[in-house]
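Tertiary structure, described
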Amino acid sequence: MAADHDASGRDVPTTESSSVNNEKTPMPEYTENIHVESAGWDEQRTKKLLRKIDSRLLPFLALLYLLSFLDRTNIGNAKLELLTQDLKLTGLKYNNALGIFFPFYVLAEVPSNMAMKRFRPSIWIPSIMIAWAICCTLMGVVKDYHGLMAVRSCLGLAEGGLFPGITYYITMWYRRHECGFRMAIFFSAATAAGAFGGLLARGILEMKGVGGYNGWRWLFILEGILTFIIAVTAYFAMYDYPQTAKFLKPEEREQIAARLKLDRSSLADEFDIKYFIAALKDWKIWVHMFITIGVYTGLYSYSLFVPTIINSIGTFTPEQSQLLTVPPYVVACLFCISAGWYADRLKQRGIFMLFFMGMAIIGLIMLMATRSPGVRYLGCFFLASGIYPNVPLGVAWNGNNIGGSLKRGVGIAMHVGFGNLGGVASSYLFLSKQSPHYHQGFGTLLGCQVMAFCLSLFMTIYLRRENARRDREYKPPSEYTEEERVAERHKGDNATFFRYTV
């Protein structure tokens, strides 16, 4: 694949019709307009086009996120292999090294998405990858606590743009009810990173003594070098937007533009600071941000501490603990992908999130309420399977309901950024002095999941009622003319023809 740009080396300007996330909730008009949507193509040819896009975009995007999650969480495996002893990480120093990553990660997210609106993804994404690859490699040669803190800070700053950036990027190719499944495939790389990371760590850590380095140093060095190689490849392998993608035929580009324009309802696309301000003032985005911090606190607690948690469940060696982390991740990956597919099929988000939050709550109760190793290990399956699917579901739900390209990009970054502050809290939830039961850590995660459940239930009810109100007071979205839509293009999701995904 080659990065796509025109003869001048710049992307052809995109329009919001190249983006997505403003789809209506399921209505008969949508199925009745299938021929309008496909601009003369039959349904089978439209599905073939989507499969073509999927095959070119999703595997590589998933690989990028796998590397990102691997590089930020491999410190959990390194902890079991002399990291804390070599760097003299006594007291809370190890937890500080975990926590320092997240404020810098959050700081990068909104500016990064605004930069992606200005520049080409095929330049921006590989550039930040090279930066974090260098940081990951440097973690393997740090000499003390202060060096580790400095490099972890830089790693957070470099990695911060990837997840919200790729999420925003996906919305520029797919219609709203097609995004959730694609985001689930993309994010499933995080569960793959957990499973693959445990196996990879077990192999690399056997290099102890090579070059005078302990195994944990080689873990960071080799994973950083791998990321650097893929980052260089990404400059040539990433596509930008449908209008400039060379793997698409001219008529396919027109097809994508037509179906996305129908989906996005002619909302504003231009770069204007007022849409940035509109995102900051939208209370619905803020509710989603608090839902997300509840979900992400569990996400990072699990991904950073699962080797330690499993090691405390029974009399396992560090090697056995690393291998036992793999099965829960595999099951969580299956739930993540299947939930994304089914949620897109039903064009719903809230009910799925409520279900998985309930699953996570059951897992936490199992980990807290018994000392049986078998039951507690089973609780890890419930916890992982309840947490991981809600990350792509949540970001798709929020993004689906933000009208306008720039506002959506900022809103997604706010959503993900605020959620990642949960990583700071998670860094201090599982302290050595609480071992082996970690009641304080599990209890905090239980409270976070309950908060997220209540807020998700509130949003589900509110959005249903708001859609019903708009249906009563305004005509059906399908009856609006293009002129009427353009007249309200600046209103975003407050436009009278906009309907929320519930």
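For clarity, every value in this text was computed on a predicted model and none was experimentally measured.

1. A short note on the environment of M359
Relative to the elements of secondary structure, M359 occurs in helix α17 (residues 350-369). Using a relative accessible area of 11% as the deciding quantity, one classes M359 as buried. Each C-alpha atom, one on M359 and one on L323, is 23 Å from the other, the two residues being 36 residues apart in sequence. Beyond its immediate stretch of four places on either side in the chain, M359 contacts F335, F382, S385 and G386.

2. Quick word on helix α9 (residues 162-171)
With 10 of 10 residues buried, α9 lies mostly within the body of the structure. All of the buried residues in α9 are L162, F163, P164, G165, I166, T167, Y168, Y169, I170 and T171.

3. Observations concerning the packing of helix α3 (residues 43-79) against helix α10 (residues 176-204)
The contact between α3 and α10 brings their axes to 7 Å, and the two run at 40 degrees. Between α3 and α10, the angle falls in the class oblique. Considering the relative orientation of α3 and α10, their crossing is right-handed. Grouping the constituent residues of the contact of α3 with α10 by class yields 18 nonpolar, three polar and three charged.

4. What about a positive patch on the surface?
A contiguous patch of positive charge, built from R45, K48, R51 and K249, is present on the exposed surface. Summarising the element assignment, K48 is placed in helix α3.

5. What about unusual backbone geometry?
Residues S435 and P436 are joined by a peptide bond in cis, for which omega reads 5 degrees. Among the secondary structure elements, P436 is positioned in the loop between α21 (422-426) and α22 (439-473). For K347, which is not a glycine, the phi torsion comes out positive at approximately 55 degrees. Positive phi values are uncommon outside glycine, yet Y438 reaches one of about 50 degrees. When you line up the elements, Y438 lands in the loop between α21 and α22. Take Y438: its relative accessible area is 3%, and that puts it in the buried class.

6. Quick notes on a nonpolar patch on the surface
The grouping of I134, L138, V141, F228, V232 and F236 at the surface amounts to a nonpolar patch, some 500 Å² of accessible area in total. Every element with two or more residues in the nonpolar patch is listed here: α7 (121-139) and α11 (215-237). Of all the elements, α11 adds the most residues to the nonpolar patch, at three residues. Relative to the helices and strands, V141 is located in the loop between α7 and α8 (145-159).

7. Here's the deal with the confidence of the model for the protein chain
Low-pLDDT stretches of the model should not have their predicted coordinates read in fine detail. Mean pLDDT over the protein chain stands at 85; residues scoring 70 or higher make up 90%. In this model, residues 1-39 is a region of pLDDT below 50 whose contacts with residues beyond four sequence positions or in other chains number 132 contacts.

8. Structural notes on the side chain of R182
With respect to the helices and strands, R182 occurs in helix α10. Relative accessible area serves as the criterion here: at 8%, R182 is assigned to the buried category. Within polar-contact distance, the side chain of R182 engages the backbone oxygen of E178 at 3.1 Å.

9. Focus: the packing of aromatic side chains
The tally for this structure, following the rule as stated, stands at 36 aromatic pairs. Considering the side-chain rings of F119 and W124, the 6.4 Å spacing of their centres and the 15 degrees angle between planes classify their relative orientation as stacked. Taking the relative accessible area as the measure of exposure, W124 reaches 25% and is therefore partly exposed. Ring centres of W341 and Y342 lie 6.1 Å apart, and the angle between their planes is 20 degrees; on these two criteria the pair is classed as stacked. Classification of W341 as partly exposed rests on a relative accessible area of 43%.

What counts and what doesn't
- Residues numbered from 1 in each chain as written.
- Predicted model: local features only at pLDDT ≥ 70, side-chain atom pairs only at ≥ 80, totals over all residues.
- Heavy atoms only, no water.
- Helix = DSSP H or I, 4+ residues; strand = E, 2+ residues; numbered from the N terminus.
- Buried < 20%, exposed > 50% of the residue type's maximum accessible area, 1.4 Å probe, protein only.
- Contact = heavy atoms within 4.5 Å.
- Axes fitted to C-alpha atoms, helices over the stretch in contact; angles between N-to-C directions.
- Parallel < 35°, antiparallel > 145°, perpendicular 65-115°, else oblique.
- Left-handed = near helix turned anticlockwise from the far one by under 90°.
- Nonpolar A, V, L, I, M, F, W, Y, C, P; charged D, E, K, R; others polar.
- Patch = residues over 30% accessible without salt bridge, like charges linked within 9 Å, V, L, I, M, F, W, Y side chains within 5 Å.
- Areas by Shrake-Rupley, 256 points an atom, 1.4 Å probe, with all protein chains shown as cover.
- Salt bridge = Lys/Arg side-chain N within 4 Å of Asp/Glu carboxyl O.
- Lys, Arg positive; Asp, Glu negative; His and termini not counted.
- Charge placed at Lys NZ, Arg CZ, Asp CG, Glu CD.
- pLDDT = per-residue confidence, 0-100.
- Polar contact = N/O pair within 3.5 Å; in protein donor to acceptor, adjacent residues only side chain to side chain.
- Phe/Tyr/Trp six-rings, centres within 6.5 Å; stacked < 30°, edge-to-face > 60°.

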